[in-house]
Amino acid sequence: MRFFAWFSILLLCAGCGYQPTATITRDIVGENVYVDVVHSKRDPQNTVAIKDGTREAVIKRLGRDLSDEKSADTVIVASIGSLKFSSLSYDTYGYTTSYKATLTMNYRVKFKDGTTKNFTGSGDYDFTIAKRASGYADSVISDTDRYNAIKNASEQCFDEFISRLAIEGFRHGKSDK
């Protein structure tokens, strides 16, 4: 019975022309992708984390090679829209024990045919603060926690960007570029 159910679902997905978002996006962006992140003068350390997260997302989510700008099929330039950290929970003494990093990114995409599109994506990441040896929360975000939070939020932003790019390409018939 389970076999029949799974077979029916698989047949339905194949019959209706279902394609995963990453597959549609891969077709749109081509083989070689150049990724750059505009450095923020206010917070250059965060730019490095965002650049690492975005580049890692291109490799992991799209399975594409990173290349130099001249030989790229698609150029993606990301910039920080906003980044903020907000407290989520407190201990009995009023110290923050967990935070949420919220990131908004702006993406400018230049395709091989010369067209340019702008997209916005947002992501967030919840994390806890390590406790001191005394058992109390430190309430200060370490550099490692900050880097990991920003990197994970930027990967989530990129996932949203991929979805919007796929919808745009599908809407305008560019999924077969």
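Data block above holds the structure.
What you see is a predicted model, and the numbers here were worked out from it, not measured in a lab.

J.: Tell me about the overall build of the protein, and name the residues and values.
T.: Looking only at helices and strands, the protein features four helices and five strands. Residues classed as buried in the protein amount to 34% of the 177 residues present. Counting only contacts in the protein whose residues sit at least 6 apart along the sequence, the fraction spanning at least 24 positions is 69%. Summed over all atoms, the accessible surface of the protein reaches about 10,500 Å², with 53% contributed by carbon and sulfur.

J.: Would you mind going over empty space enclosed by the protein in detail, with residue names and values included?
T.: Under the criterion given, the structure shown has two cavities of 30 Å³ or more. By volume, the second largest cavity amounts to about 40 Å³. Every residue lining the second largest cavity is listed: Q45, N46, A49, D143, R146, Y147 and I150. Sorting elements by how many residues they give to the lining of the second largest cavity places helix α4 (residues 143-171) first, with four residues. Residue composition of the lining of the second largest cavity, by class: three nonpolar, two polar and two charged.

J.: Explain the side chain of E155 to me, using residue names and the numbers behind them.
T.: One can find E155 in helix α4. Using a relative accessible area of 7% as the deciding quantity, one classes E155 as buried. Sequence-distant contacts of E155, that is, excluding residues within four places in its chain, are made with G53, E56, A57, K60 and R61.

J.: An account of the environment of R146 is needed here, citing residue identities and associated values.
T.: Relative to the helices and strands, R146 resides in helix α4. Taking the relative accessible area as the measure of exposure, R146 reaches 22% and is therefore partly exposed. Distance in space between the C-alpha atoms of R146 and F127 is 9.3 Å, their sequence separation being 19 residues. Setting aside residues no more than four positions away along its own chain, R146 makes contact with D43, N46, F85 and I141.

J.: Any details on the packing of aromatic side chains? Residues and values, ideally.
T.: Enumeration according to the criterion identifies seven aromatic pairs in this entry. An angle of 25° between the planes, with centres 6.0 Å apart, marks the rings of Y99 and F127 as stacked. Placement of the pair is Y99 in strand β4 (residues 96-110) and F127 in strand β5 (residues 116-128), with a sequence separation of 28 residues. Comparing Y99 with F127, the two get one shared label, buried. On the numbers, 5.6 Å between centres and 75° between planes, the contact of F119 with F161 is edge-to-face. A residue pair is termed long-range when its members are at least 10 positions apart, and F119 in strand β5 and F161 in helix α4 qualify at 42 residues.

J.: Outline the sheet that holds strand β3 (residues 74-90), listing residues and values.
T.: Two modes of strand pairing occur in sheets, parallel and antiparallel, and in both the strands are linked by backbone hydrogen bonds. The strand order across the open sheet built from five strands is β2-β1-β3-β4-β5, with neighbouring strands paired in mixed fashion. The open sheet has two free edges, formed respectively by β2 (65-66) and β5, since each of these has just one partner strand. Against the sheet, helix α3 (residues 44-62) engages β1 (32-37), β2, β3 and β4, with an angle of about 165° to β1.

Parameters and conventions
- Residues numbered from 1 in each chain as written.
- Predicted model: local features only at pLDDT ≥ 70, side-chain atom pairs only at ≥ 80, totals over all residues.
- Heavy atoms only, no water.
- Helix = DSSP H or I, 4+ residues; strand = E, 2+ residues; numbered from the N terminus.
- Buried < 20%, exposed > 50% of the residue type's maximum accessible area, 1.4 Å probe, protein only.
- Contact = heavy atoms within 4.5 Å.
- Areas by Shrake-Rupley, 256 points an atom, 1.4 Å probe, with all protein chains shown as cover.
- 1 Å grid on protein atoms, 1.4 Å probe; cavity = no way out; pocket = protein on both sides within 12 Å on 5 of 7 lines; lining within 4 Å.
- Points joined across faces, edges and corners; volume = space filled by probe spheres on them.
- Nonpolar A, V, L, I, M, F, W, Y, C, P; charged D, E, K, R; others polar.
- Phe/Tyr/Trp six-rings, centres within 6.5 Å; stacked < 30°, edge-to-face > 60°.
- Pairing = 2+ DSSP bridges.
- Axes fitted to C-alpha atoms, helices over the stretch in contact; angles between N-to-C directions.

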